[in-house]
Amino acid sequence: MSATPLTSEQISELAHALSSARKDLRILDSFPGPIPSTLEEAYVVQDGSINASDQAIVGWKVGMVPPELRQEMGAERVIGPVFKSAHIPLTDKQAAGEAFDLPVYAGGFIAIEAELVIEINQDIAPGSINTADGVEHLVKNVYAGIEIASSPVIDLNSYGPTAIIADIGNQYGVIVGTAISDWKNSIANMQTSVSIDDQLINTAPTDGILNGPMAALAFMIDCCAERGITLPAGSLCSSGAITGVHEALVGSTSTVKFGDACTMNFRLVDNKK
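This is a predicted model, so every value here is computed, not measured.

Turning our attention to the overall build of the protein chain. Across its full length, the protein chain carries 6 helices and 13 strands. Dimensions of the protein chain along its principal axes, counting C-alpha atoms only, are 50 × 45 × 35 Å. Burial statistics for the protein chain: of 273 residues in total, 52% are counted as buried. Residue pairs in contact within the protein chain that sit at least 24 positions apart in sequence constitute 76% of those at least 6 positions apart. Total accessible area computed for the protein chain in this model is approximately 11800 Å², and 49% of it derives from carbon and sulfur atoms. Computing the positive centroid from 15 side-chain charges and the negative centroid from 32, the protein chain places the two 7 Å apart.

And the structure:
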């Protein structure tokens, strides 16, 4: 991270470099500038990338700060916008196992994350919700889902949480599968698994992320409130990697299973083809 605060010019240049690389499908061998020193600075860079996009935001991905950095960063989680172009609702057949393709930055960073995707049931204006009182009443649906983490920066995650925030949360697709019926009880008794190229990578309790998926939703609401962002009804929260962040390559096939509720089979393909 940068030892000194970034200037407004550096922030603008960094946002332009990251957003234009994504738009132009251009791979970057390294992070294209000084790494923001604070979360606040990183979110200002992210705001620049948001402003440079002509896409509507349909939700936010929530990711974890590594445990050893949480005290230094002053947060357990980070968020990044999910643009409409990266929102991929599956058909019933695809959510029941029919194979589909997912584009990624070939040669860039690529990872697969099994995640619960939460849909909110009302508009949430900044400061209108005290998340300490609970957030379950704000949930319309909870879906089996996948986040595709992919960035033009080949080793983005190695630069730490502020670099990830700056590059819109290292997110390139939120895939929405089956709505989980009786979600609260169902996910408490469900296992989620990820396989890549026919090898089981990991299995974990579906509700097993830090303090549970509602903590991720509460964080999203609070972080957006601090940034003055209104969350419209229907906004999505991709709530965090259940089994881990699993790096993969173009051409890899994967199966993500949420118990008996949803099976998603897909192949990673080059976004330039």
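A separate point is the packing of aromatic side chains. Going through the model one piece at a time under the given rule, you end up with 3 aromatic pairs. Judged by centre distance (5.7 Å) and plane angle (40°), the rings of Phe31 and Tyr159 are tilted. Here Phe31, found in the loop between α1 (8–24) and α2 (39–52), pairs with Tyr159, found in the loop between β6 (139–151) and α4 (161–166); they are 128 residues apart in sequence, far enough to count as distant. With a relative accessible area of 7%, Phe31 lands in the buried category. Note on Tyr105 and Tyr172: the rings are 4.5 Å apart at their centroids and 45° apart in plane angle, and the pair reads as tilted. Placement of the pair is Tyr105 in the loop between β4 (100–104) and β5 (109–120) and Tyr172 in the loop between α4 and β7 (174–179), with a sequence separation of 67 residues. Assessed through its relative accessible area of 2%, Tyr105 is described here as buried.

Turning our eyes to something else, we now look at the pattern of salt bridges. All chains considered together, the criterion is met by 9 salt bridges. With a closest N to O distance of 3.3 Å, Arg267 and Asp101 form a salt bridge. With a gap of 166 residues between them, Arg267 in strand β13 (residues 262–270) and Asp101 in strand β4 connect regions that are remote in the sequence. Across the pair Lys140 and Glu119 runs a salt bridge whose closest N-O atoms are separated by 4.0 Å. Here Lys140 is found in strand β6, whereas its partner Glu119 is found in strand β5, with 21 residues between them in sequence. Take Lys140: its relative accessible area is 51%, and that puts it in the exposed class. In this structure Glu119 comes out as buried when scored by relative accessible area, which is 11%.

Now for α2. An ideal rise of 1.5 Å per residue puts 20 Å on 14 residues; α2 measures up with 20 Å between its terminal C-alpha atoms. Among all positions of α2, only Leu39, Glu41, Ala42, Tyr43, Val45, Gln46, Ser49 and Ile50 are buried. Lining the buried residues of α2 we find α1, β1 (57–64), α3 (70–73), β2 (77–83), α4 and α6 (213–226).

Another point: the nonpolar core. Ranked by size, the top nonpolar core spans 63 residues in total, and within it Ile112, Leu217, Phe258 and Met264 carry the most contacts. If you tally residues by element for this core, the top one is α6, at 9 residues. Leu6, Leu14, Ile164 and Ala166 belong to the second-largest nonpolar core, a separate cluster that totals 15 residues.

Further remarks concern the pairing of strand β8 (residues 191–196). Of all 6 residues making up β8, 5 are buried, and the element is well covered by its neighbours. Inspection of the sheet shows β8 paired to strand β9 (residues 199–205) by 6 bridges, in the antiparallel sense. Each bridged residue has a counterpart across the sheet, and for Gln191 the counterpart in β9 is Pro205. Examined bridge by bridge, β8 and strand β12 (residues 253–258) share 5 bridges and lie antiparallel to one another. Across the sheet, the residue bridging to Ile196 is Ser254, located in β12.

A word on the sheet that holds β12. Spatial strand order, β4-β13-β12-β8-β9: 5 strands in an open sheet with mixed pairing. The open sheet is flanked by β4 and β9, the only strands paired with a single partner. Taking the axes of each pair of neighbouring strands and ignoring which way they run, one obtains an average angle of 25° across the sheet.

With that settled, the discussion passes to the environment of Gln46. Relative to the helices and strands, Gln46 is located in helix α2. In this structure the C-alpha to C-alpha distance between Gln46 and Ser19, which are 27 residues apart in sequence, comes to 9.1 Å. Reaching out from Gln46, the side chain makes a polar contact with the backbone oxygen of Ile79 at a distance of 3.0 Å.

Conventions adopted
Residues numbered from 1 in each chain as written. Predicted model: local features only at pLDDT ≥ 70, side-chain atom pairs only at ≥ 80, totals over all residues. Heavy atoms only, no water. Helix = DSSP H or I, 4+ residues; strand = E, 2+ residues; numbered from the N terminus. Buried < 20%, exposed > 50% of the residue type's maximum accessible area, 1.4 Å probe, protein only. Contact = heavy atoms within 4.5 Å. Areas by Shrake-Rupley, 256 points an atom, 1.4 Å probe, with all protein chains shown as cover. Lys, Arg positive; Asp, Glu negative; His and termini not counted. Charge placed at Lys NZ, Arg CZ, Asp CG, Glu CD. Phe/Tyr/Trp six-rings, centres within 6.5 Å; stacked < 30°, edge-to-face > 60°. Salt bridge = Lys/Arg side-chain N within 4 Å of Asp/Glu carboxyl O. Expected span 1.5 Å × (residues − 1). Core = buried A, V, L, I, M, F, W, Y, C linked by side-chain atoms within 4.5 Å. Pairing = 2+ DSSP bridges. Axes fitted to C-alpha atoms, helices over the stretch in contact; angles between N-to-C directions. Polar contact = N/O pair within 3.5 Å; in protein donor to acceptor, adjacent residues only side chain to side chain.

Take it as geometry only, folks, not as evidence of what the structure does.
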